[in-house]
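This is what each chain is made of:
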Amino acid sequence: MKVSENWLRQWVNPALSAEQIGEQLTMAGLELDDLTKVARDFSGVVVGQVLSVEPHPDADKLRVTRVDVGQHSSEPLQIVCGAPNVAVGIKAPVALIGAKLPPAAGDNKPFNIKKGKLRGVESHGMLCGASEIDLPDEVDGLLILPEDAPIGMDVREYLDLDNHVLDIAITPNRGDCFSVRGIARELAALNGLAFALPFTPTTPTPTDDTKPAVTVTTDACPRYWAQVVSGLDATRPSPVWIKQALNAAGVRPRNLLVDVTNYVLLELGQPLHAFDADKIRGDIVVRLANAGETFTLLNEQTITLQGDELLIADDDGAIALAGIMGGQRTAVTDSTTRVVIESAFFDPLAIAGRARRFGLHTDASQRYERGVDFDLPKLALDRAVILLAQFGDGVVGQTTLVERAHALPTRAVVHLTVSEITRLLGEAIAPDTALAILQRLGFDVKLLSSDEAAQIVATPPSYRYDISLPEDLIEEIARIYGYNRLANQLPKFAANFADTSAQRWLHDLKHSLTQQGYFEAVSFSFSDAKIEALFDDPNGQTAAPLALANPISADLAVMRRTLLSSLLPCVQYNLNRQQTRVRLFETGLRFVGADIATLAQVNSLALVAVGNVYSEQPDGNRAMDFYDLKHDVESVLSQQQLSCGAIGYQRSAQAFLHPGQSADIVWHTADANSSDNARTIGWLGQLHPQIAKALDLPTTWVAQLDMNLLAELYHVPNTIAPLSKFPQVRRDVALVVDRDVAVQDMLGEIRRLGGELLQASWLFDVYTGDQLPADKRSLAFGLVWQDPAATLSDDVVNAAMQRITDGLGARFGAVLR
């Protein structure tokens, strides 16, 4: 099966190249046969619009045109063209002077476009047909582009010709993967990504009372949906994105009606068929054939039926060989305006072998023989009808469903003991891991524990026909877990390759950042002296960077004092390649000291972020700010220490940061936020605008933290206390203080003065107004006390409140409001 990379990425988009996706699918049992681009390499071809067409003075079959190619030429180009469909106003690919087109058949050299003369008339380029840019020719002449094609845009970009096509070999047992949806589901499971439809599943609202009459007389068709769509223009072309998807899959676009049914087949894996509604006589009947009955197929082949074939028929006889091919009598044509769309589930055993019997091999039979998801027909029908209504102005009729529920397949529950996984694979896979893998594949699973053995109970999804044995589940677990991850075990040899606590912590830290949308960078410890100079302290408080005696290049001549000197060039590199949103982090050593004797190597973490908060969000997107960066930094801090107020912030004095949008991160290791026990973990904020301007960067957010302190913070033991059965006491207090008093400092003082029974304190109101002086503000705090051993008395709480108000008054000049 051929599938477009870009189409696949609309469903699930792992951070992998097309080659890596192919390798990953191959290792999971879906072998990549081939990986190609949609079109061979060429350059210098843009979208152009024909402004005028004049006869050639010396050749009847040639025309002299003037073509607008946008910014590529200040004046329209004169191009001589012999295509019969060239006309004023059309848009077509234009190969500019210097363009290199794909080589012709049997030639390995590209075809170069040069300025020339055709029968005495100068031609400054070439108007191209589809074959000139390595696409299949649909018409004799130029490739006519849509009216909204941007003039001057590179054709490779506009037609998505750098897209890759993955040709995947689907084994007979994996019929669920005969669609973009199926491949995407596998890819999501392999990468631990969420899997969801890229479109909103919606049932179209009928605007016509027409409803097909359907009768099903056999259990070989347990579910049959039909719906009428009228008012169609069968000759209307499909949208460009549908054509591109079909071309990449090796299916030639024809018209909207045919293209939509093919598109849904490839996208969801559900075969559809469209009958010309005006050619159907009477009711639609799904039945078995009569022995000796004859029938003419769409390909004009007349077959004689044996009696075990499943047919779609009307009062005049067969109109389709169910699940294989439609009949000629009810085939849609260019004059068709009303169609009946069929979306059905047929028993695989009723289809298997029938196509081969008559020398047929169709996309529909290929899927039905392997088993189509019996819960899929309604979704596929809705998808097709909505596309026809949207792009073909179709009028939607009523749906008809005929169902034989007793004949629908059932999925037997499969029981698997956890010890059996280890026995067959030679490696113990945690039950939670096995459960997670099966859940990602769509299984309904649960873990049962008993004295004898833990057991996984799994019910396969409706689209999995190949799961019936415990070994089938083990195969699913192994291939998603990764065959290459299964350890090779030598006889009588045991080794412990478990990660250390430090490794697990580092992995969790990096995972936290990737969850925030950051990508890890790995760079040299060497830096450019010019960039390092930007981080010098103007007061001379920082040492010069250590210079290398023998640098490998002029721009890698000193040891970096901050990881930013490595990350900021990476940001420049991405911005120069039109990546407007960049999120990078790096863990590694920075080197502080101007000589070897004083050099200190500090294990650090640095972050840098540029651009909007969200990568793609049409509504509600905005530029990143200080608090977004603070959120990202806090994702790697100890949540326990954050919640108890041990981590705070204070204004940073770093000269290379924006003075009004930066802060130092401080860890108070003793009670009461005492400055004597404060340790600076790192800093965060906006890169100083002057430095950003010097590096030609937009607003840039940066942070750097000490990894050793982070590790120490992470390993602070959690304290657990029993819940008190005695009531809490809450008091609120509003205090008037100077505007420059930090709320964080006041909260720290409140925690210190409130005593060990103070359970929580928080700011809930800030007031500034006419009733207060301009340099003052009112801060209201909520305070909660609770004694684990007794009911608190008012005397105890009042005494604590008095200590707090007195202490805040002494330290901050706070006055009760």
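Residues numbered from 1 in each chain as written. Predicted model: local features only at pLDDT ≥ 70, side-chain atom pairs only at ≥ 80, totals over all residues. Heavy atoms only, no water.

With an unreviewed UniProt entry as reference, the chain is termed Phenylalanine--tRNA ligase beta subunit, source organism Faucicola atlantae. UniProt annotates the chain under Subcellular location (unreviewed entry) with the comment "Cytoplasm". (UniProt positions renumbered as here; feature names shortened; annotations may be inferred.)

Quick one: what's the story with the overall build of the chain, residue by residue and with numbers?
Within the chain, the regular secondary structure consists of 22 helices and 38 strands. Relative to the globule expectation of 28 Å for 817 residues, the C-alpha radius of gyration of the chain, 35 Å, shows a markedly less compact shape. Over its C-alpha atoms, taken along the principal directions, the chain stretches across nearly 100 × 85 × 75 Å. The 817 residues of the chain split such that 48% are buried. Here the analysis covers contacts within the chain between residues at least 6 apart in sequence; of these, 69% occur between residues at least 24 apart. Accessible surface computed for the chain: about 39,900 Å², of which carbon and sulfur atoms make up 50%. Side-chain charges in the chain split into 70 positive and 100 negative, and the spacing between the mean points of these groups amounts to 2 Å. (Helix = DSSP H or I, 4+ residues; strand = E, 2+ residues; numbered from the N terminus. Rg over C-alpha atoms; globule rule 2.2 N^0.38 Å. Buried < 20%, exposed > 50% of the residue type's maximum accessible area, 1.4 Å probe, protein only. Contact = heavy atoms within 4.5 Å. Areas by Shrake-Rupley, 256 points an atom, 1.4 Å probe, with all protein chains shown as cover. Lys, Arg positive; Asp, Glu negative; His and termini not counted. Charge placed at Lys NZ, Arg CZ, Asp CG, Glu CD.)

Give me the lowdown on helix α14 (residues 501-515), citing residues and values where you can.
Between its first and last C-alpha atoms α14 spans 21 Å; for 15 residues at 1.5 Å apiece the expected length is 21 Å, and the two agree. Buried within α14 are the following residues: Trp505, Leu509 and Leu513. When α14 is viewed along its axis, its buried side chains cluster within an angular range of 75° and face the same direction. Within α14, the exposed residues directed more than 90 degrees away from the buried face are His507 and Gln515. (Expected span 1.5 Å × (residues − 1). Arc of directions from axis to C-beta.)

Describe in detail the sheet that holds strand β38 (residues 815-816), supporting the description with residues and values.
Strand order in the open sheet formed by four strands is β36-β37-β35-β38, and the pairing between neighbours is antiparallel. Looking at the sheet topology across the chains shown, the edges are occupied by β36 (758-767) and β38. In this structure, strand β35 (residues 729-738) lies alongside β38, joined through two bridges in antiparallel fashion. Looking at the pairing, Leu735 lines up with Leu816 of β38. Packed on one face of the sheet, helix α22 (residues 794-812) meets β35, β37 (776-785) and β38 and runs near 15° to β35. (Pairing = 2+ DSSP bridges. Axes fitted to C-alpha atoms, helices over the stretch in contact; angles between N-to-C directions.)

Break down empty space enclosed by the protein for me, with residues and values.
Tallied over the full model, the rule gives one cavity of 30 Å³ or more. Lining the largest cavity are 15 residues; nearest its centre among them are Gly175, Asp176, Leu268, Asp373 and Leu376. Among the elements that make up the lining of the largest cavity, the one with the highest residue count is helix α4 (residues 180-191) (three residues). Tallied by class, the residues present in the lining of the largest cavity amount to five nonpolar, five polar and five charged. (1 Å grid on protein atoms, 1.4 Å probe; cavity = no way out; pocket = protein on both sides within 12 Å on 5 of 7 lines; lining within 4 Å. Points joined across faces, edges and corners; volume = space filled by probe spheres on them. Nonpolar A, V, L, I, M, F, W, Y, C, P; charged D, E, K, R; others polar.)

Please give an account of the UniProt feature "binding site: Mg(2+)" (unreviewed entry) in the chain that cites residues and values.
When the UniProt feature table is mapped onto this chain, "binding site: Mg(2+)" (unreviewed entry) is found at Asp466, Asp472, Glu475 and Glu476. Within the structure, Asp466 has its side chain in polar contact with the side chain of Arg464 (distance 2.9 Å). For Glu475, a relative accessible area of 39% puts it in the partly exposed group. (Polar contact = N/O pair within 3.5 Å; in protein donor to acceptor, adjacent residues only side chain to side chain.)

Explain the packing of helix α6 (residues 256-268) against helix α10 (residues 377-392) to me, and be specific about the residues and the numbers.
Between α6 and α10, whose axes approach to 10 Å, the crossing angle comes to 145°. As α6 runs across α10, the sense of the crossing is right-handed. Listed contacts from α10 to Leu256, Leu257, Val260, Tyr263, Val264, Glu267 and Leu268 of α6 are Leu379, Ala380, Arg383, Ala384, Leu387, Leu388, Phe391 and Gly392. Across the contact of α6 with α10, the residue classes break down as twelve nonpolar, one polar and two charged. (Left-handed = near helix turned anticlockwise from the far one by under 90°.)

Which residues make up the packing of aromatic side chains, and what values go with them?
Enumeration over the complete set of coordinates arrives at twelve aromatic pairs. Where Phe656 meets Trp683, the ring centres are 5.1 Å apart and the plane angle is 70°; that geometry is what we call edge-to-face. Highlighted residues: Phe656 in the loop between β31 (647-651) and β32 (657-668) and Trp683 in strand β33 (residues 678-687), separated in sequence by 27 residues. Comparing Phe656 with Trp683, the two get one shared label, buried. One aromatic cluster is present, formed by Trp7, Trp241, Tyr263 and Phe391 through successive ring pairs. Its guanidinium or amino end placed over the ring of Phe764, Arg730 lies 5.7 Å from that ring's centre, counting from NZ or CZ. (Phe/Tyr/Trp six-rings, centres within 6.5 Å; stacked < 30°, edge-to-face > 60°. Lys NZ or Arg CZ within 6 Å of the ring centre and 35° of its normal.)

Describe the domain arrangement of the chain, and please don't skip the residues or the numbers.
One frequent convention defines the size of an interface as the accessible area lost when the parts assemble. By the assigned domains, the chain splits into domain 1 (2-38 + 164-191), domain 2 (43-159), domain 3 (214-407), domain 4 (414-481), domain 5 (517-714) and domain 6 (729-816). Computed from C-alpha coordinates alone, the two centres of domain 3 and domain 5 are separated by 60 Å. (Domains from an automatic or database assignment.)

Can you tell me about helix α16 (residues 564-575), naming the residues and giving the values?
End to end, α16 covers 16 Å across twelve residues, agreeing with the expected 16 Å (1.5 Å per residue, within 8%). Residues of α16 that are buried: Leu564, Ser565, Ser566, Leu567, Leu568 and Val571. In this fold, the buried residues of α16 make contact with β27 (526-527), α15 (529-533), β29 (582-592), β30 (600-610), β33 and β34 (700-706).

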